[in-house]
Amino acid sequence: MTPLFDELIGQPLAVCILKAALRRKRLAPAYVFAGPEGVGRRLAALRFLEGVLSEGKGCHRARRRLEERNHPDLIWIEPTWQYRGCLLTRSEATVAGVSRRTPPQLRLEQIRDISRSLAHQPVETTRGMVVIEAAETMTEAAANALLKTLEEPGHGLLILLSSAPERLLITIRSRCQLIRFMRLDTDAVNKVLRRLNAVEDDPPELLAMAAGSPGALIEHRKHWSTLPQELVSGLRQLSTEPMQALVLARDICESLDGEQQLWLINWWQQALWASTSNIQFLKRLETLRYHLLSFVQPRLAWEVALLDIFLLTAQT
């Protein structure tokens, strides 16, 4: 078994703090692992809990059970979409074909499940272990419920993963120990990708969007692989023909679901900035993003945005 944090690359400060807590057996009741998506926060949470279970040492059995989410004292929750009275995770929503135009949320029912679980004695360990992904997506009611749990954590050890800790209630942050995770430099990113056997020749826009996050880069690749190349060509060419704008808007809405359309805006902003450095294009796309998230009819929103952008192109 390799050392606990051997796979966590480019996060020496976080590793140092977590190792010290395990070595001294001085664990805070709650932590916020704060930093960009895809830089190791989730892996750090798994390895830290493994250390809690195995007294600071690596343990193959504990690692397997944590990674498979089948430890009886582990609760791992992530943001959900509400669909036909059920809460669906990202993978479940994908299988069910649920529209994902709006971002998922952590909901009151999920936090209440945590509170009920921590009110009981753990089954195998001295602490109930809770990991909350994307903690900044909590609804107001969920955040207030979590605050009550943090005030009386009982037998619990909570880890909140957040890419935007400033969006958490101040009272929640004040009850958690903050562990910072940083963006990785190019060498560290490449080392992670080599370890995952995931080295590829990526378009420059994807590298810019990842911004030092190997996990984010891998996610961007998934979106990129689903884009029809004719859409990519149409967006790069910036035609000044109004009819071309309408055809392109139709093709985007027929080919991509809501989540993919929002990702496409991010990619196109990077591509436009690299080719034109025109901030007006970026602002117009931000307006488009707002309209899509506000439930404006997608095809209409794209048609108007593309006509505006093609008009800007003709004027420059």
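What this report covers is the structure whose coordinates are included nearby. Per-chain numbering applies: the sequence of each chain, read as written, is numbered from 1 onward. For this predicted model, a pLDDT threshold of at least 70 governs which residues receive local features, and a threshold of 80 or more governs which side-chain atom pairs are given and counted, while totals over whole chains, interfaces and linings are taken from all residues. Only hydrogens and water are set aside when side-chain values are computed; all heavy atoms of the structure are taken into account.

**With respect to the overall build of the protein**
- By the criteria applied, helices consist of DSSP H or I runs no shorter than four residues and strands consist of E runs no shorter than two, each listed in order from the N terminus. On a plain count of helices and strands, the protein comes out with 15 helices and 7 strands.
- Oriented by its inertia axes, the alpha-carbon framework of the protein measures out at about 65 × 45 × 35 Å.
- When accessible area is computed with a 1.4 Å probe and restricted to protein chains, residues below 20% of their type maximum are described as buried, those above 50% as exposed, and intermediate ones as partly exposed. Here the protein, with 316 residues, has 49% of them falling under the buried criterion.
- Working note: accessible area of the protein is about 16,400 Å², and carbon and sulfur atoms make up 52% of it.
- The average position of the 39 basic charges and that of the 35 acidic charges among the side chains of the protein differ by 7 Å. Surface accessibility in these figures is a Shrake-Rupley result with a 1.4 Å probe; residues are shielded only by whichever protein chains are displayed. Only four residue types enter the tally: Lys and Arg on the positive side, Asp and Glu on the negative side; His and the chain ends are excluded. All charge positions are set by atom: Lys at NZ, Arg at CZ, Asp at CG, Glu at CD.

**As for the packing of aromatic side chains**
- Under the pairing criterion, centres of Phe, Tyr and Trp rings, with the six-membered ring standing for Trp, must be within 6.5 Å; the plane angle then separates stacked pairs below 30 degrees from edge-to-face pairs above 60, leaving the rest tilted. Under the definition given, this model contains 4 aromatic pairs.
- Seen in terms of ring centroids, Tyr31 and Phe33 are 6.3 Å apart; in terms of plane orientation they differ by 70 degrees. Their pairing is edge-to-face. Note on accessibility: Tyr31 and Phe33 belong to one class, buried.
- Aromatic side chains Trp224 and Trp267 sit 5.6 Å apart centroid to centroid with 45 degrees between the ring planes, which places their arrangement in the tilted category. With Trp224 in helix α10 (residues 214-226) and Trp267 in helix α13 (residues 258-276), this residue pair connects regions lying 43 residues apart in the sequence. Both residues of the pair, Trp224 and Trp267, belong to the buried class.
- One aromatic cluster in this structure is built from Tyr31, Phe33, Phe48 and Phe181.
- The criterion for a charge sitting over a ring is simple: Lys NZ or Arg CZ within 6 Å of the ring centre, and within 35 degrees of the ring normal. The lysine or arginine in question, Arg69, covers the ring of Trp76, its NZ or CZ lying 3.7 Å from the ring centre.

**Let's talk about unusual backbone geometry**
- In this model, Lys25 sits at a positive phi of 55 degrees, which is unusual for a non-glycine residue.
- For Ala134, which is not glycine, the phi dihedral falls at a positive 45 degrees.
- With respect to the helices, strands and loops of the structure, Ala134 is situated in the loop between β5 (128-132) and α6 (140-151).

**Quick word on the nonpolar core**
- Nonpolar cores were defined as sets of buried Ala, Val, Leu, Ile, Met, Phe, Trp, Tyr and Cys residues, with membership established by side-chain atoms within 4.5 Å. The biggest cluster of nonpolar side chains holds 68 residues, and the ones touching the most others in it are Phe33, Phe48, Ile252, Trp267, Trp268, Trp302 and Leu306.
- Ranked by the residues each element gives to this core, the list is headed by α13, at 8 residues.
- Throughout, a residue-residue contact means that at least one pair of heavy atoms, one from each residue, lies within 4.5 Å. Here Phe33 is in contact with Leu18, Arg41, Ala44, Ala45, Phe48, Ile159, Leu160, Leu161, Ser162, Ile179 and Phe181, once residues within four sequence places are set aside.
- In this structure, Ala34, Val130, Ala142 and Leu158 belong to the second largest nonpolar core, which totals 24 residues.

**Describing a positive patch on the surface**
- A cluster of basic side chains, namely Lys19, Arg23, Arg24 and Arg26, defines a positive patch on the protein surface.
- Inspection of the secondary structure assignment puts Arg26 in the loop between α1 (12-24) and β1 (30-34). A residue counts toward a patch only above 30% relative accessible area and without a salt bridge, and it is joined to like-charged neighbours within 9 Å or, for Val, Leu, Ile, Met, Phe, Trp and Tyr, to nonpolar neighbours within 5 Å. Each salt bridge in this description consists of a side-chain nitrogen of Lys or Arg and a carboxyl oxygen of Asp or Glu lying within 4 Å of one another.

**A closer look at helix α3 (residues 60-67)**
- Taken residue by residue, α3 has Ala62, Arg63, Arg65 and Leu66 as its buried positions.
- Residues of α3 that are buried make contact with α2 (41-53), β2 (74-77) and β5.

**Re α10**
- Expected span of a helix: the number of residues minus one, times 1.5 Å. Taking 1.5 Å of rise per residue, 13 residues should cover 18 Å, and α10 covers 19 Å from first to last C-alpha, within 8% of that figure.
- Buried residues of α10: Pro214, Ala216, Leu217, His220, Arg221, His223 and Trp224, and no others. Angular distribution of buried residues about the axis of α10 spans 165 degrees; they occupy a single face of the element.
- Residues of α10 that are buried make contact with α8 (186-195), α9 (204-210), α11 (229-237) and α13. Read the arc as the range of directions from the helix axis to the C-beta atoms.

**A word on the environment of Gln315**
- With respect to the helices and strands, the residue Gln315 is situated in helix α15 (residues 298-315).
- Of the residues examined, Gln315 reaches a relative accessible area of 57% and is grouped as exposed.
- Distance in space between the C-alpha atoms of Gln315 and Thr240 is 9.4 Å, their sequence separation being 75 residues.

**Some points on the sheet that holds β1**
- The parallel open sheet is built from 5 strands, whose spatial order is β2-β5-β6-β1-β7. Both edges of this open sheet fall to β2 and β7 (177-180), since each of them pairs with a single strand only. Strand-to-strand twist in this sheet, taken as the mean axis angle between neighbours without regard to direction, amounts to 15 degrees.
- The pairing of β5 with strand β6 (residues 156-162) spans 5 bridges and is parallel. The residue of β6 that forms the bridge with Val130 is Leu158. Here, any two strands with at least 2 DSSP bridges between them count as paired. All axes here are fitted lines through C-alpha atoms, helices being fitted over the stretch that makes contact, and every angle between N-to-C directions spans 0 to 180 degrees.

**Here's the deal with the side chain of Arg47**
- Mapped onto the fold, Arg47 is located in helix α2.
- Accessibility expressed as a relative area gives 4% for Arg47, which makes it buried.
- Of note is the side chain of Arg47, whose polar atom sits 2.7 Å from the side chain of Glu7.
- The residues touching Arg47, leaving out its near neighbours within four places in the chain, are Leu4, Phe5, Glu7, Arg63 and Glu67. Here a polar contact means two N or O atoms within 3.5 Å. Within protein one must be a hydrogen donor candidate and the other an acceptor candidate, and residues neighboring in sequence count only if both atoms are side-chain atoms.

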